[in-house]
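Remarks on the overall topology
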Amino acid sequence: MEELISITYDSILIGTDTPTSILAAALSRDGEKILHIDRSSYYGSIDGTLAFHEFLSLASSGDSPTFREFCIHIMPNEDEECMKFPRRFNIDLQPKFVYSVGDVVDWTVNCGVSLYLEFKPLEAGVIWDKNGIRRVPCNKSEIFANEALSVVEKRLLMKFIEFCSKSIEEGNFDVNVRFVDVMAEKKLPQHLQNILLYAILLIEDTNVSFAEALSRMEKYVSSLGIYKDNCALLYPMYGSSDIPQGFCRMCAVYEGTYVITDELAIEDVCEIDGLQVVTSSFGPLRGKKVFVNSVYASLDKQVTIELENSSFRAAILCRGIIKEAEGPVLFSIPPMEFGNASVVYVLQLGESSSTVPAGYSMLHVWTAEGNADIIQSFIASVPVEIVFLATYKHTVVRCSGTLNHVYNPGGYEILKHFVHAKELFNKEKGNHEFLPLRHTEEEDVLKDI
Amino acid sequence: MHSRKKRLIPPTVEEIASEKLRLEKIQKLHKLVFTEIESESFTDEGFTLSEKAMMISPDIYTFLNFRRNLLLSKLSQVPKEDQVKILSSELELLTRIIKDSPKSYTLWFHRQWVLLQCQNVAEIMTKELALCDYMLKKDNRNFHVWNYRSWVVALEGNQGVNDEMEFTKTMIYRDFSNFSAWHYRTKVVKQKFPDQVPVEFIISELSMLKNAYFTCPNDQSVWNYHRWLLLGLENIKIVGISPRTYKTCPNELILGFSHSLSGLDSQSVGVSDGWEPAEGTWEPLHTKPFSYIWKFIPSKPFNNAVEIRLNPVNTQVCDFNKNCTFTNLIYKYKKANDEYEFKADGQEDIEIFEQELANINELLDIEEEDINQVLLRKAQIVEVLAFSVPVSGYFDQAVDCYKRLIQKDPRHKVFYEEQLDAFTALKLYRKSQIEPSSLKLKAKLLGLG
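If you're wondering where the values come from, they're calculated on a predicted model, not measured in any experiment.

Moving on to the overall build of chain A. Helices and strands together make up the secondary structure of chain A, namely 13 helices and 19 strands. In terms of overall dimensions, chain A is globule-like: its C-alpha atoms have a radius of gyration of 23 Å, near the 22 Å expected for 449 residues. Each principal axis of the C-alpha atoms in chain A carries an extent, and together these give about 75 × 65 × 55 Å. Sorting the 449 residues of chain A into buried and exposed places 56% on the buried side. The average position of the 39 basic charges and that of the 62 acidic charges among the side chains of chain A differ by 4 Å.

Rendered as structure tokens:
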């Protein structure tokens, strides 16, 4: 305790969500003395993976700008395993995945955080509609081998994909046109459009531009088959909060100090004698700069909070599993199949992800707008028993004011989280290296020569 | 392995220096090994040095020869059980090195040599095939691995031909843009069906190929295999004759065949003069074993209408591939006005070719533009049909395809023109429609100058 209040930190970061943790690690690697705090029993903040009882507690704690309208539709009995051993059952507030090839992997591996993380290949490309659940072809080999598509449909789909590749290469397309309009112009049948939008590119907003869709496609194609045939994505074992937690660990390795506990009350931030002073239940914490995430935005007395896009989410604990698989599975429910206005994504995590015990699976559902009826409707189509069903709304907030606010863009991709953390880092540090290389490969037989 | 980008940024001063150091070390290693070789003794130290040499410079076969001598010396000094250990640890070492240098001729040769020293090849075979699987997963076009695989399979007397069929099928389904897999499949098919490939097999292969060429019509490897598959169904036919018409009976006949043949005699080709069989001698135009053009000189001059039957059951005649049979078309000189004109009678079984032509036309109809590879294959199939169905519109279709190709793909203009020339020069066709540009080639082919 005395140590805490006696040091003047270079930066104090409040909130352990993904961009804030990445920033903490980057600043710490750059030589800053970091204090990273969060009033919580878990790492990850709004990107956290909560144990069952922690989730119930969050659900009853009322609305915040980021999470609101928690509603528990099905509550388990007291003698259910999740009630007796809640730590065995974990729920991601906002599930995250990573493309096998790309900046996120490069940054994570370069700086050494990958040593603290384990991933499982994520099986995507599973369409769930009124006709059932089926894997759709997501690459050339699968299209070739698929028995449900006619040869003409195969040709149409491949032609469109070739057209997209050509557009990427030549770069000569209208940046403002929507992807769906391009598909319609090429007369691609709706069910093939659904495959592209929801099984391959995992689009959430159907107004996505052609340019954005192409960049997704590039990422997808280069990520295919790297760690597993026909898989492009990775999901972190033990839950999405392992990612921010990994960066916190890196920060700690470089002598960052961590205080993550429910008993830490953070009351106020104000400037005294040129230093930022955070008044806390452990005493005054002094730092040259303070960064806050959206949970602590109100510490800034002159904060303005803008609400950006929101999503409707659900956490469903099932006895049994919908689709047996080696690892996590992502289902895509195209619009209008069960009365849903926009696409619904359902992430199934079984025992293999180490977030639930054997015999159970956790479903994470998200969609732009929705309600509990839609959820009941598609769940009724599968033979699993629901033990727990909770819904909530998530909103991306953008805060600004006198303090440094760390923007969390939400969503399942963490590239943007990196980008925002890097922006803040560059603002403070100019062109210092962001998360420098930690590990160099050495060899060799020649050593003894 | 493929698409390795060339380094665009010139090396830095530090990189040049460290590379120089590395090369000096390697040269030192080489000197040490050469000294050992010159000492003409087989020591343990020499053994260790040769291992390092194999890892650093696998392509210098002098070092590998040295190592082989060392191994022979070692093997001769130990009992049988230890021999097995030495050889299997050599194989393990080789496996590690080959994974880093998968395209080294010398390493694969060394592996073959080691395998030949082993007495228990049957046991090791599964491991060797597993290594081939692994290497082909990393690079499915590495011909060293394909060759090694076929060599290993042959060592055990080609018992696993069905497994090899399955294996090539797996490789093709993984990525059908793979000349090596298709080529290997042709070898395996020939092993399984040494005489004639049964029609049922061809039909099932064609249905798989249809999915492939609809998915990716410009993939040459698919059309290659398609052509190979159908070649066996192309019967030996007469494609040209001189004289094509006559008023007075000819003294001799010069025939052009669709395949180059050897061993033509009166038993294999029945020539008759009116109702009577005509005795005579057959001379090939070329003195080599196989010739496309043959001359028939009757013992007595012809009197009447000449008829030529290619005897379907023959023991002497064979084509270069030894797998084709004669057509059942009958060729006759028929009287028209006051001349005799050469015509073919009858029709071959062309169902498979017509079906494939229909498939190709279906594909061309979906495309906005002609695809060169598809069009070329269409031309080849229509050529076969033109010779198989004597009076038909197929000749015009073939000419049209070649003309479209010449226009669409000017880079390969000369190739298409030569194909077209050869085709028109050899065709049974009315005098007025032979293209003048082909006269020179025609003359050459008929041995007339």
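This brings us to the domain arrangement of chain A. A common way to report how large an interface is uses the accessible area buried once the components associate. Looking at the assigned domains, one finds that chain A contains domain 1 (2-48 + 238-297 + 403-429), domain 2 (63-92 + 119-135 + 230-236 + 304-400) and domain 3 (140-223). For domain 1 of chain A versus domain 3 of chain A, the separation of C-alpha centres amounts to 40 Å.

What follows covers the pattern of salt bridges. All names here are of chain A. This model, assessed by the stated rule, comprises 43 salt bridges over all chains. Here Glu32 makes a salt bridge to Lys289, at a shortest N to O gap of 2.9 Å. Taken as a pair, Glu32 in the loop between helix H2 (18-29) and strand E2 (34-38) and Lys289 in strand E13 (residues 283-292) lie far apart in primary sequence, 257 residues in all. Lys289 matches Glu32 in its accessibility class, with the two residues each being buried. In this structure, the salt-bridge partner of Lys393 is Glu69, at a minimum N-O distance of 3.1 Å. Separated by 324 residues along the polypeptide, Lys393 in strand E18 (residues 385-400) and Glu69 in strand E4 (residues 67-74) bring together distant segments of the chain. Judged by relative accessible area, which is 25%, Lys393 ranks as partly exposed. By relative accessible area, Glu69 is classed as partly exposed at 40%. Among the charged side chains, a salt-bridge network with shared partners connects Asp30, Glu32, Lys289 and Lys429.

Attention now moves to the confidence of the model for chain B. All names here are of chain B. Scored by pLDDT, chain B has a mean of 84; 90% of the residues are at 70 or more. Within chain B, no element has a lower average pLDDT than helix H16 (residues 439-445), which sits at 54, and none a higher one than helix H5 (residues 105-117), at 95. The model gives residues 428-438 a pLDDT under 50, and that stretch makes 19 contacts with residues more than four places away or in other chains.

Turning next to the sheet that holds strand E10 (residues 330-336) of chain B. Residue and element names in this part refer to chain B. Strand order in the open sheet made by the 6 strands is E2-E11-E10-E8-E4-E5, with antiparallel pairing throughout. Every interior strand has two partners, whereas the edge strands, strand E2 (245-246) and strand E5 (276-277), have only one. Alignment of E2 against strand E11 (residues 339-345), held across 2 bridges, turns out to be antiparallel. In the strand pairing of E11, Tyr246 is matched with Tyr340.

Summing up the model confidence of chain A, the mean pLDDT is 90 and the portion of residues at 70 or higher is 97%. Contacts from residues 439-444 of chain A, a stretch scored under 50 in pLDDT, to residues over four places away or in other chains number 3 contacts.

The next thing to look at is the interface of chain B and chain A. With 29 residues of chain B at the contact, the number on the chain A side is 20 residues. Both sides of the chain B and chain A interface together cover about 2,100 Å² of buried area, and 67% of this is carbon and sulfur. Three residues stand out in chain B for area buried against chain A, namely Lys25, Tyr173 and Thr215 of chain B, and they jointly supply 25% of the buried area on that side. Summed over the shared surface of chain B and chain A, the number is 2 salt bridges. One salt bridge in this structure joins Glu367 of chain B and Arg155 of chain A, with 2.7 Å as the shortest N-O distance. At the surface where chain B touches chain A, the tally comes to 7 residue pairs in polar contact (both at pLDDT 80 or more).

Looking now at the domain arrangement of chain B. Segmentation of chain B into domains returns domain 1 (1-119), domain 2 (238-345) and domain 3 (359-445). Placing a centre on the C-alpha atoms of domain 1 of chain B and another on those of domain 2 of chain B gives a separation of 62 Å.

Okay, the packing of helix H2 (residues 44-56) of chain B against helix H3 (residues 61-77) of chain B next. Residue and element names in this part refer to chain B. Between H2 and H3, the shortest axis-to-axis distance is 9 Å and the interhelical angle comes to 140°. When the axis of H2 is compared with that of H3, the two are oblique. Relative to H3, H2 is oriented so that their crossing is left-handed. Mapping the contact onto sequence places Asp44, Gly46, Phe47, Ser50, Glu51, Ala53 and Met54 in H2 and Phe63, Leu64, Phe66, Arg67, Leu70, Leu71 and Lys74 in H3. Each residue belonging to the contact of H2 with H3 can be placed in one class, and the counts come to 8 nonpolar, 2 polar and 4 charged.

Looking now at helix H12 (residues 351-366) of chain B. Residues lying three or four places apart along an α-helix face the same way, a consequence of the helix completing one turn every 3.6 residues. The end-to-end C-alpha distance of H12 of chain B is 23 Å, a good match for the 22 Å that 16 residues give at a rise of 1.5 Å each. Those residues of H12 of chain B that sit buried are Ile352, Phe353, Glu356, Leu357, Asn359, Ile360, Leu363, Leu364 and Ile366 of chain B. In this structure, the buried residues of H12 of chain B make contact with helix H7 (151-170) of chain A together with helix H10 (199-215), helix H11 (220-231), helix H13 (372-388) and helix H14 (394-408) of chain B.

Residues and elements named next belong to chain B. The interhelical angle for the contact between helix H1 (residues 13-39) and H3, taken along N-to-C directions, is 45°, at an axis separation of 11 Å. With respect to their mutual orientation, H1 and H3 come out oblique. Here the hand of the crossing between H1 and H3 comes out left-handed. Residues His30, Val33, Phe34, Glu36 and Ile37 of H1 form the contact with H3, whose own contacting residues are Thr62, Phe63 and Phe66. Its residues assigned to classes, the contact of H1 with H3 comprises 5 nonpolar, 2 polar and 1 charged.

Here the phi dihedral of Asn230 of chain A falls at roughly 65°; this positive angle occurs in a residue that is not glycine. Along the chain, the position of Asn230 of chain A falls in the loop between helix H10 (210-223) and strand E9 (233-236). Even without glycine at this site, Glu40 of chain B takes up a positive phi of about 55°. Considering the arrangement of structural elements, one finds Glu40 of chain B in the loop between H1 and H2. For Glu40 of chain B, a relative accessible area of 70% translates into the label exposed.

On to the environment of Thr424 of chain B, then. Residue and element names in this part refer to chain B. Topologically, Thr424 is positioned in helix H15 (residues 413-426). Judged by relative accessible area, Thr424 falls into the buried class, the value being 4%. Put simply, Thr424 and Gln119 are 305 residues apart on the chain and 59 Å apart in space, counted from C-alpha to C-alpha.

Attention shifts here to the pairing of E18 of chain A. Residues and elements named next belong to chain A. Most of E18 sits inside the fold, with 12 of its 16 residues counted as buried. With 5 bridges connecting them, E4 and E18 associate as antiparallel partners. Of the residues in E18, the one forming a bridge with Ile72 is Ala390.

The next thing to look at is the pairing of strand E16 (residues 344-349) of chain A. Residues and elements named next belong to chain A. Judged by how many residues are buried, E16 sits mostly within the fold: 6 of 6 residues are covered. Alternating positions in E16 separate into two faces, Val344, Val346 and Gln348 on one and Tyr345, Leu347 and Leu349 on the other, with burial throughout. Judged from the 5 bridges that link them, strand E15 (residues 329-333) and E16 form a sheet pairing that is antiparallel. Along E16, the bridge assignment pairs Leu330 with Leu347. One ladder, built from 6 bridges, connects E16 with strand E17 (residues 360-367); its direction is antiparallel. From the neighbouring strand, Leu347 faces E17, where its bridge partner is His364.

Attention now goes to a nonpolar patch on the surface. Residue and element names in this part refer to chain A. Judged by side-chain polarity, Val101, Ile226 and Tyr227 come together as a nonpolar surface patch covering roughly 270 Å² of accessible area. Considering the arrangement of structural elements, one finds Val101 in the loop between strand E6 (98-99) and helix H5 (103-110). For Val101, a relative accessible area of 31% gives the class partly exposed.

Cut-offs used in this document
- Residues numbered from 1 in each chain as written.
- Chains lettered and ligands numbered in written order.
- Predicted model: local features only at pLDDT ≥ 70, side-chain atom pairs only at ≥ 80, totals over all residues.
- Heavy atoms only, no water.
- Helix = DSSP H or I, 4+ residues; strand = E, 2+ residues; numbered from the N terminus.
- Rg over C-alpha atoms; globule rule 2.2 N^0.38 Å.
- Buried < 20%, exposed > 50% of the residue type's maximum accessible area, 1.4 Å probe, protein only.
- Lys, Arg positive; Asp, Glu negative; His and termini not counted.
- Charge placed at Lys NZ, Arg CZ, Asp CG, Glu CD.
- Domains from an automatic or database assignment.
- Salt bridge = Lys/Arg side-chain N within 4 Å of Asp/Glu carboxyl O.
- pLDDT = per-residue confidence, 0-100.
- Contact = heavy atoms within 4.5 Å.
- Pairing = 2+ DSSP bridges.
- Buried area = accessible area lost by both parts, 1.4 Å probe.
- Polar contact = N/O pair within 3.5 Å; in protein donor to acceptor, adjacent residues only side chain to side chain.
- Axes fitted to C-alpha atoms, helices over the stretch in contact; angles between N-to-C directions.
- Parallel < 35°, antiparallel > 145°, perpendicular 65-115°, else oblique.
- Left-handed = near helix turned anticlockwise from the far one by under 90°.
- Nonpolar A, V, L, I, M, F, W, Y, C, P; charged D, E, K, R; others polar.
- Expected span 1.5 Å × (residues − 1).
- Patch = residues over 30% accessible without salt bridge, like charges linked within 9 Å, V, L, I, M, F, W, Y side chains within 5 Å.
- Areas by Shrake-Rupley, 256 points an atom, 1.4 Å probe, with all protein chains shown as cover.

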